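# Residue-level structure breakdown
So the chains spell out like this:
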Amino acid sequence: ANDRSGGNEGEDAFGNNDEALNEKALKVIRRVQDKLTGTDFHSPEEEFVGEPLDVQEQVQRLIVQATSSENLCQLFIGWCAFW
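First things first, this report covers the structure right here in the doc. (Residues numbered from 1 in each chain as written. Predicted model: local features only at pLDDT ≥ 70, side-chain atom pairs only at ≥ 80, totals over all residues. Heavy atoms only, no water.)

Turning our attention to helix H1 (residues 18-37). An ideal rise of 1.5 Å per residue puts 28 Å on 20 residues; H1 measures up with 28 Å between its terminal C-alpha atoms. Looking at the residues trailing H1, positive phi occurs at glycine 38, about 80°. (Helix = DSSP H or I, 4+ residues; strand = E, 2+ residues; numbered from the N terminus. Expected span 1.5 Å × (residues − 1).)

Given below as structure tokens:
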């Protein structure tokens, strides 16, 4: 059966599967939730997150990430971060 988009049921006009989009959306929401609760600094493989970081520790880790040579070397040149 076709849906309003003219494709197969469960797909949008671009052929994206609704379930895959919902799964991606849930992952993004969980990531934002982790950032807001101080539990963002665990590896994706870890199921148990542990204790949330306090504000000072979370800020310190963000500063370390923001000034990391490994992260800075991957900057998109079009952002002109050097200006």
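Now that the structure has been shown, the text picks up again.
One can find threonine 39 in the loop between H1 and helix H2 (55-66). Classification of threonine 39 as buried rests on a relative accessible area of 12%. Separated by 3.0 Å, the side chains of threonine 39 and threonine 37 make a polar contact. (Buried < 20%, exposed > 50% of the residue type's maximum accessible area, 1.4 Å probe, protein only. Polar contact = N/O pair within 3.5 Å; in protein donor to acceptor, adjacent residues only side chain to side chain.)

Following the criterion strictly, the structure yields 4 salt bridges and no others. Salt-bridge contacts for lysine 27 lead to glutamate 23; the nearest nitrogen and oxygen are separated by 3.9 Å. You can see lysine 27 and its partner glutamate 23 sitting in helix H1, 4 residues apart, about one turn around the helix. What makes lysine 27 partly exposed here is its relative accessible area of 47%. For aspartate 40, the salt bridge identified is with arginine 31, shortest N-O distance 2.7 Å. On the basis of relative accessible area, arginine 31 is assigned to the partly exposed category, the value being 45%. Shared partners join several salt bridges into a network, and the residues in it are Arg31, Lys35 and Asp40. (Salt bridge = Lys/Arg side-chain N within 4 Å of Asp/Glu carboxyl O.)

The next subject is the environment of valine 55. Among the secondary structure elements, valine 55 is positioned in helix H2. What makes valine 55 exposed here is its relative accessible area of 60%. As for valine 55 and threonine 37, which are separated by 18 residues in sequence, their C-alpha atoms are 9.6 Å apart.

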